[in-house]
Amino acid sequence: MVKQTIQIFARVKPTTKGGAVYSVEDDGSCLGFVVPKDLADGFINNKRESYKFRFQKIFDQSAKQEELFDTVAKPVADSVLAGYNGTIFAYGQTASGKTFTITGGAERYSDRGIIPRTLSYLYQHFSQDSTMAYTIHISYLEIYNEMGFDLLDPKHEASRLEDLPRVTILEDPDQNIHLKNLSLQQAGNEKEALNLLFLGDTNRMIAETPMNQASTRSHCIFTIHLCGREPGSATLRRSKLHLVDLAGSERVGRTGAGGQHFTESKYINLSLHFLEQVIIALSEKSRSHIPYRNSMMTSVLRDSLGGNCMTTMIATVSAEKRNVDESISTCRFAQRVALIKNEAWLNEELDPALLIARLKKEVQLLKGELAMVTGEQRSEKLSPQEIQRLGEQLKVYLDDSDSEAMLDVGPDMRKICHCFSELKTMVCKATPASFTAGDTSAITLVKDIPTPEEVKKLKDMLVQRDNEISILVSMLKKEKKRVQDAVSTAGNMEAQSSLQSSTANLSDESLKGSEDLSPLPRLLQRKKGLELSVGRQEAFEIFKRDHKDQLTIEDNKALLKLRYTEAKALGEKVNSARNKVNDLKKQLELRRRQIAAQGVMGNLPESEVPDPMEEKLLAQIEEEKNMYKNTFGKLKGMKTEIEHLQLLLEKQKFKLQKDFEDWWTHEAGSMQRSVPEETSAAPTRTPTLSRPMAIRDTVSTRMIKKEHELSASPLLNLRESGLHPQVDADLLAFIKARQNILNKIGQVQR
């Protein structure tokens, strides 16, 4: 067990404004503030002017992220690797650098914060330590307005905040905290762990406030669950590391926040107030009750505050004069935190699965030894698994050429008797001619030779399989013949039904301009889908032109063509951005090699000032990457829109074709009924035609011309068509009557 107080550190945020009101002593452990007295308070003013606070170490404005990690986070990470729990949390007012300290900045690689550097340090240790096998699981909890959410939930981006499942706190009888709906994601390498971190940071609640352009409006707890085991050992070391980024406190009267920002500030300040209450209660030894349950954050961090954990706090302060009051308040809070003492112990436990297996094996050995000593025979039989295992051991023993090999089955008489029985069976199956009586050295175990009973059984099985195959073949032949008969019958019925329908309707399908005008070939060569005759094609064009959906179809076609052009342009931009990124990476690599070569040739020390050209290339690469991501996202959205337009266009085309087929069938029937009326009407009367009637008259005129052309050719010899004679006679009479009617129609129109 390790007893220690919470370690406190301070970090001063860099500022470009002058007039700093703080000072750091030479040893770097004392931070002082000077607040001049305000003359407006009067001559009698007992207000303090100087404040001094002591920390383990103070990181001034020039401190780097690497220095902070080496001093603060690396000892905690080492203790987590040793099996102790650890916590690092940043506390301070809003816009004081907490998120930059914990997570880091995105502009430069050197700006990485404590979380990515800790992950890199842990995985580097895993690769170097071969005496332990480690596994890492990661969780990312967000506490927004006293409600918990899982930042690694895949539904976080696609759903509203109100629709996401909330993380709830459960407590077992031992007062251990369990978080429901908080996922644990396994990270096999550093890249997977960083991807989880970036996913969680993307889902965080961030808003612009008067104090900070990108202010985090929630508390976030990034937890690393570490499990280590020595190879072959049943002892596990389970530890966890909490990396906490607390939301910053702010004075609403100064910031002027309103609406949603006011509600967020209220919950943030309330949770920080409850945290301070817990800190005060822990620092007072006479307090028997600690109000952990007042807020979700203090409940989750119960072990980190006065429990089984090695905790470190980073107080982030602002050096600007206007924020001196908040900076002093933060330092006072840190001094109270430093009074809390934690008791951390090694988290070791036995692997339950290995422990159960070991105890079962030990019980079996003890039972066998007890039976050997007492002479009692165990009544239960060997299980099939035990018999199979004994057979495998016996086979390995017999195949071993070593004369000193032993067969170890334990002190169990059942297993010993079973092995002797198997050996006796093998000897009895051996060929009798291979040894003589009394000559035990000539005994050879013959393997894989079937007995006569097995041979007879195999022969019977073979005959049975042959019979089954014969039955299946005969059934298959019968079924095939039945299918062929059904197909031929269906073909004849379809031909007859098609013939009757063609003779009943006066459509141009029955008299196509082909060389062979016999009815049967025309019926068997019917067109499908969009293959229309010349008359129907022209009628379809007129119908399509006047259809109510034609304008919508044309608009969708034009829009689809435009989207195709835009998608092609976006694809070219994506390829261009990718090629530019590759070229810039090559230039960057070449520049770094040149700098390294110059340093080697000139024996120049490594400069801390970054190379301007390298910075420029990195900025260009980042810009091109952002352009690539944005363009690729637009391209994906364009693809979805194009697919939707294509589907919509197909539906409209199908509806247009269906409407035309219905109209064509209706007009064909109407024309048949109107032919006798037109023949009896006066030739001088000119009726007013609607749009369908005009299309019908146009089609009828073309049909009359085609019928006159066909009537000039000799009549078809239907007796050679191969159909039934009665059917041929009916068809011939029908065609003659139809020609007479068409001739009369032509005379009336002339």
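Please read these numbers as outputs of a predicted model, since none were measured by experiment.

Would you explain the pairing of strand S16 (residues 235-245) in this entry?
Side-chain positions along a regular strand alternate between the two faces of the sheet. Of the strand pairs in this sheet, strand S7 (residues 86-92) and S16 are connected by five bridges, and their pairing is parallel. Of the residues in S16, the one forming a bridge with Phe89 is Val244. Both strand S15 (residues 219-229) and S16 contribute to a ladder of ten bridges, which runs antiparallel. When the bridges of S16 are listed, Gly228 appears paired with Arg237. Here S15 hands over to S16 after five residues, with Gly232 in that stretch at a positive phi of 85 degrees. Both S16 and strand S19 (residues 348-350) contribute to a ladder of three bridges, which runs antiparallel. If you follow Arg237 over to S19, its bridge partner there is Glu348.

Honestly, the packing of helix H6 (residues 260-283) against helix H8 (residues 324-337) in this entry has me stumped. Any pointers?
Helix-helix packing is described using two parameters, namely the angle between the two axes and the distance between the axes. In the contact formed by H6 and H8, the axes pass within 9 Å of each other and the chain directions differ by 40 degrees. Considered as vectors, H6 and H8 are oriented oblique to each other. Between H6 and H8, the residues in contact are Leu275, Glu276, Ile279, Ile280 and Ser283 and Phe333, Arg336 and Val337, respectively. Of the residues belonging to the contact of H6 with H8, the class tally is five nonpolar, one polar and two charged.

Where do I start with the nonpolar core in this structure?
Most often, soluble globular proteins have nonpolar side chains that are buried together. Of all hydrophobic cores here, the largest spans 47 residues; its most connected members are Phe33, Phe55 and Met313. Beyond its immediate stretch of four places on either side in the chain, Phe55 contacts Ile8, Phe9, Ala10, Ser29, Leu31, Ala315, Cys331, Ala334 and Gln335.

Honestly, the environment of Leu370 in this entry has me stumped. Any pointers?
Tracing the backbone shows Leu370 in helix H9 (residues 352-374). A relative accessible area of 54% places Leu370 in the exposed class. Sequence separation between Leu370 and Asp412 is 42 residues; the distance between their C-alpha atoms is 9.3 Å.

Sorry, what's going on with the confidence of the model for the protein chain here?
Close inspection of predicted coordinates is inappropriate for parts of the model with low pLDDT. For the protein chain, mean pLDDT is 77; residues scoring 70 or higher make up 74% of the total. Note that residues 678-723 has pLDDT below 50 and, in this model, 55 contacts with residues that lie over four places away or in other chains.

For this particular structure, what's the right way to read the sheet that holds strand S5 (residues 50-54)?
Pairing between sheet strands relies on hydrogen bonds along the backbone, with the strands arranged either parallel or antiparallel. Spatial ordering of the open sheet is given by S3-S4-S5, a layout of three strands whose pairing is antiparallel. Every interior strand has two partners, whereas the edge strands, strand S3 (22-24) and S5, have only one. On average, adjacent strands in this sheet sit at an angle of 20 degrees to one another, irrespective of strand direction. Note that strand S4 (residues 30-34) and S5 share five bridges and pair antiparallel. In the strand pairing of S5, Phe33 is matched with Tyr51.

What should I look at first to understand unusual backbone geometry in this one?
Most peptide bonds are trans, and most residues other than glycine sit at a negative phi. Unusually for a residue other than glycine, Asn145 sits at a positive phi of about 55 degrees. Of note, Asn145 is situated in the loop between strand S8 (133-144) and strand S9 (147-150). With a phi angle near 60 degrees, Glu146 is a residue other than glycine that sits in the positive phi range. Residue placement: Glu146 occurs in the loop between S8 and S9.

Would you take a moment to explain the pattern of salt bridges for this structure?
Any two side chains of opposite charge can pair, on the condition that their charged atoms come close. Applying the stated rule across the entire model yields 17 salt bridges. Here Lys3 and Glu343 are joined by a salt bridge, their closest N and O atoms 3.8 Å apart. One end of the pair, Lys3, is in strand S1 (residues 2-5); the other, Glu343, is in strand S18 (residues 341-344), and 340 residues separate them in sequence. The exposure class of Lys3 is exposed, given its relative accessible area of 55%. The partly exposed category is assigned to Glu343, whose relative accessible area is 35%. Linking Glu349 and Arg238 is a salt bridge whose minimum nitrogen-to-oxygen distance equals 2.5 Å. Of this pair, Glu349 sits in strand S19 while Arg238 sits in strand S16; the two residues are 111 residues apart in sequence, bridging distant segments of the chain. On the basis of relative accessibility, which here comes to 41%, the residue Arg238 falls in the partly exposed class. Residues participating in the shared-partner salt-bridge network are Glu171, Arg293 and Arg302.

Got a minute to help me understand helix H1 (residues 65-81) in this structure?
An α-helical segment advances 3.6 residues per turn. Residues three or four places apart therefore align on the same side. If you look at H1, its biggest bend is around 45 degrees, right at Ala73, and the proline Pro75 turns up within four residues after that. Restricting attention to buried positions, one finds in H1 the residues Gln65, Leu68, Phe69, Val72, Ala73, Val76, Ala77, Ser79, Val80 and Leu81. In the stretch just after H1, Gly83 is the one whose phi turns positive, near 110 degrees.

What counts and what doesn't
Residues numbered from 1 in each chain as written. Predicted model: local features only at pLDDT ≥ 70, side-chain atom pairs only at ≥ 80, totals over all residues. Heavy atoms only, no water. Pairing = 2+ DSSP bridges. Helix = DSSP H or I, 4+ residues; strand = E, 2+ residues; numbered from the N terminus. Axes fitted to C-alpha atoms, helices over the stretch in contact; angles between N-to-C directions. Parallel < 35°, antiparallel > 145°, perpendicular 65-115°, else oblique. Contact = heavy atoms within 4.5 Å. Nonpolar A, V, L, I, M, F, W, Y, C, P; charged D, E, K, R; others polar. Core = buried A, V, L, I, M, F, W, Y, C linked by side-chain atoms within 4.5 Å. Buried < 20%, exposed > 50% of the residue type's maximum accessible area, 1.4 Å probe, protein only. pLDDT = per-residue confidence, 0-100. Salt bridge = Lys/Arg side-chain N within 4 Å of Asp/Glu carboxyl O. Bend = angle between axes of the 7 residues up to and from the residue.

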